[in-house]
Amino acid sequence: LPWPAIASVSRPQPSSEGESAARARLLVFPVVYILIVAMATFWRCVVLHDDDLTLHYLDATVIVSLVAAFVMLSSRWAVSPARLRALKLGMVVLVAGRIAIVQYRLMLNLSLRDDVQTAQLIMKNIVLLTAVLILTSGLHVPSTWRRAVLAAAALAVLPFATLSVLYLGHPDAVAWLTKQIGNGETPPIWQFSFDAMALLILVAVCGFGAHAISRLRRQVIEARQIGQYHLRRRIGAGAMGEVYLAEHRLLKRPCAVKLIHPDRVGDPRALARFEREVRATAALSHPNTVEVYDYGRTPDGTYYFVMEYLPGLSLAELVERHGPLPPGRVVYLLRQVCRALSEAHAAGLIHRDVKPSNVFAARRGEEDDVAKLLDFGLVRPTAPLATGLSAEGQIVGTPLYMSPEQASGANVDRRSDIYSLGAVAYYLLTGRPPFDRASGFAVLLAHDRDPVVPPSQVLAGVPADLERVVLRCLAKNPSDRFVDDESLERALGRCACSSGWNQSLATRWWQDTGRSQRHLEID
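This one's a predicted model, so the numbers in the text were calculated from it and none came from an experiment. One numbering rule holds for all chains: residues counted from 1, following each sequence as written. Totals for whole chains, interfaces and linings use all residues, but because this is a predicted model, local features are given only for residues with pLDDT of at least 70 and pairs of side-chain atoms are given and counted only at 80 or more. As a convention, hydrogens and water are excluded, and side-chain values are obtained from all of the structure's heavy atoms.

Asker: Explain the packing of aromatic side chains to me, and be specific about the residues and the numbers.
Answerer: Here is the rule: rings of Phe, Tyr and Trp (six-membered ring for Trp) pair when centre to centre is within 6.5 Å. Planes less than 30 degrees apart are stacked, more than 60 are edge-to-face, and the remainder are tilted. The tally for this structure, following the rule as stated, stands at 3 aromatic pairs. Each ring, one from Tyr401 and one from Tyr427, has its centre 6.2 Å from the other, and the planes form 90°; the classification is edge-to-face. Taken together, the residues Tyr401 in the loop between strand 11 (380-381) and helix 13 (404-407) and Tyr427 in helix 14 (residues 414-430) connect sequence positions 26 residues apart. Note on accessibility: Tyr401 and Tyr427 belong to one class, buried. Put simply, DSSP H or I for four residues or longer makes a helix, DSSP E for two residues or longer makes a strand, and each gets a number counted from the N terminus. The rule is simple: take the accessible area with a 1.4 Å probe, protein chains only, and divide by the maximum for that residue type; under 20% is buried, over 50% is exposed, in between is partly exposed.

Structure below.
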C-alpha cells in the first residue's frame, strides 16, 4: 500500500469541497447577524433617541467582529472543521451577549424614567430577536438534535434570565413588573409568559427540525457512492465512525465501508488513529483477522476504508441473544483469536482493545464460526512508529476487558492482550465480564486489585482445566500469565472440552438457531 497517501490525512489538508460547502453555508451567519445588529441599532437611535455611548461602542465592536468573521470565511485561508464550529458558536454567543446587554441597559433606563410601556416593548422586541437567533443557530448546519435543543433552550432562557438579574439588582426601578395595572389586571411579568411559551415552541421546532435534517443527511449518505462502492445501509457505529453495508459497483461483492465521523475530521488524533487502523489491519493477512480491501478520501472530505463484510454475530451479540456459550465452543473460537493475535504480536503490534464486540463469529465460504478479529484502532507498535497518539500514562481501551497494566497507563506487551482475551473467555463462559462495577474507574481499580471470582462459582458446568487456563490469563502480574499466544492456544487445545465443538456442530447450530438472524443482518 502507498502509505504516504494514507499518512497525509493526519496533516493539514487543502480546502476540500466539503470544507468549502461548510464555509459557504456558514457565511449566512455573519450576514444575518450584521443585519440584525444594524437594524436594532438604527431603531434604538432613531426611534428611541438613545444616546448610550456604551451601547454604541458595543454595537460597533460586534459589527466589526462579524465583518472579520465574514472576511475569514470568504477568504482562502484553510480552516479546520473544529474551528468552523468554534467560529459559529462564537458568533452566536457574541450576538446573544449583545442582545442581553442592550435589553438590560435599555429596560433599566426606561424604568428609571417611568416609561413602562416602552420598556415592555423592548422586552417584546428582545424576544423577537431571540427567536431569530434560535432559528438561525438551531436549524442552520445542526450537529445533533440534542445539541440543537440545548443551544436553543439556552437562548430561549436568556431574555428572562436577564430580566431576573435586572429585577434582583434594581427592584425599585422595575417594580412595575409585579404590580397590577388598573383594576385587577394581570401584572406585566405574567404577560411575558406568552413570549416564554412561544420560545419554548421554537426550541421544540429546532429539535424536530435538526432531527429531521440529520435523518435526511443519513439517508443521503446511505444512498450515495463512495468511490466504486454503493452504500446500502448502516450496520454499526462506534466512537470513530459508522460502518455501512456496501457493494462494489462492478464486482457486486458485498463489503463493509467504515466512515470516520465528519465531526472528528478536524481532530488530528482521530485521523492518526484512523490511519493507524488502516495500516495495522492491512499489514496483517491471517484468515482470522478482518481483511482490508481499499481505503481513501472522498472529494467532500470523508475518510473511509473498505473491509470484508462478515455475515454473522459478534461474540457480544451471541451471548446477549443466546446466553453463555458451551465450553467447547468457547475454546473453538478463542483458539482462532489466538492465531490472529499471534500474527499481530509477531509483527510487534499490541491490539489493546480485545473484547467480545471486536470478535465476530462469521461464515466464510462454507465454514461457520470463523472467528474474525477486528477494530485495530487502538493498536500500538511495541516500538512506536509515531508519537503523540496515546502517550504513556494515558488510559485507552475498554475498562471491562482491560489488563491491570493497561488500566494504570503503564507500557503493555502481548501479555496485556492475553489478559483481555482471558476476560473475553470469562464473559463467554459466564455471560458477564470478570469485574462489573458501577463506574469505569471502579472497574479499573478492580482489575488492578480485586481477585477474580472463578467462572465455575458464577455458572456451574465450567470445566476445571478450562477454568485454570482462564484464571492464568487473568493473573494480575504479567509474568504469571501465558508467555505468548502460542502457549495459550496449546493450553486451550489440551482442555478436555476442546473436542466438544467442531465445524459440523457449528453449521448445525447456525442452521437451527442463528441462520435466520444472520440473514436479517445481511439482507
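Asker: Let's hear about empty space enclosed by the protein: which residues, and what values?
Answerer: The pocket and cavity definitions rest on a 1 Å grid over protein atoms only: a 1.4 Å probe that fits but cannot leave marks a cavity, an open set with protein on both sides within 12 Å along at least five of seven lines marks a pocket, and residues lining either have an atom within 4 Å of a point. Grid points are joined across faces, edges and corners, and a volume is the space filled by probe spheres set on the points. A complete count under the given rule lists 3 cavities of 30 Å³ or more for this structure. In this model, the second largest cavity occupies a volume close to 40 Å³. If you trace the second largest cavity, you find it lined by Leu334, Leu421, Gly422, Ala425, Val469, Val470, Cys473, Leu488 and Leu492. Elements with a minimum of two residues in the lining of the second largest cavity: helix 14, helix 17 (464-473) and helix 18 (485-494). In this classification, Asp, Glu, Lys and Arg are treated as charged, Ala, Val, Leu, Ile, Met, Phe, Trp, Tyr, Cys and Pro as nonpolar, and every other residue, Gly included, as polar. Classifying every residue of the lining of the second largest cavity gives 8 nonpolar, 1 polar and no charged.

Asker: Explain the sheet that holds strand 10 (residues 367-373) to me, using residue names and the numbers behind them.
Answerer: Here a strand pair is declared whenever DSSP counts at least two bridges between the two strands. Pairing within the open sheet is antiparallel, and its 3 strands lie in the order 7-9-10. On the outer flanks of this sheet lie strand 7 (312-314) and strand 10, each paired with one strand and no other. Here the average twist between neighbouring strands, direction ignored, is 25°. Sheet analysis places strand 7 next to strand 9 (residues 359-364), joined by 3 bridges and oriented antiparallel. Paired with Gly312 across the strands is Ala362, a residue of strand 9. Contacts from helix 12 (residues 327-346) reach strand 9 and strand 10, with the element oriented near 45° to strand 10. Fitted lines through C-alpha atoms serve as axes, helices being fitted only where they are in contact, and the angles separating the N-to-C directions of these axes extend from 0 to 180 degrees. The contact definition used throughout considers only heavy atoms, calling two residues in contact when any of these lie within 4.5 Å.

Asker: Break down the pairing of strand 2 (residues 229-237) for me, with residues and values.
Answerer: In this sheet, strand 2 lies alongside strand 1 (residues 225-226) in antiparallel orientation, the contact comprising 2 bridges. Across the sheet, residue Gln225 finds its bridge partner in strand 2, namely His230. Turn length for the strand 1-strand 2 hairpin, with the two strands adjacent in sequence and antiparallel, is 2 residues, and the turn residue Gly227 shows positive phi of about 60°.

Asker: Please give an account of helix 18 that cites residues and values.
Answerer: Burial in helix 18 covers these residues: Asp485, Ser487, Leu488, Glu489, Ala491 and Leu492. In this fold, the buried residues of helix 18 make contact with helix 12, helix 14 and helix 17. Two N or O atoms form a polar contact when they lie within 3.5 Å of each other; inside protein one atom must be a possible hydrogen donor and the other a possible acceptor, and for residues adjacent in sequence the pair counts only when both atoms belong to side chains. For helix 18, the side-chain oxygen to backbone nitrogen distance between the N-cap and Glu486 is 3.4 Å, and the N-cap itself is Asp484.

Asker: Break down the sheet that holds strand 1 for me, with residues and values.
Answerer: Each strand in a sheet pairs with another by means of backbone hydrogen bonds, the pair being arranged parallel or else antiparallel. If you trace the 6 strands from one edge of the open sheet to the other, you get 1-2-3-4-6-5, paired in antiparallel fashion. Each edge of the sheet is formed by a strand with only one pairing partner; in this case those strands are strand 1 and strand 5 (292-297). Where strand 3 (residues 241-248) and strand 4 (residues 254-260) come together, 7 bridges link them in antiparallel fashion. Each residue of the ladder has a partner; that of Glu247, found in strand 4, is Pro254.

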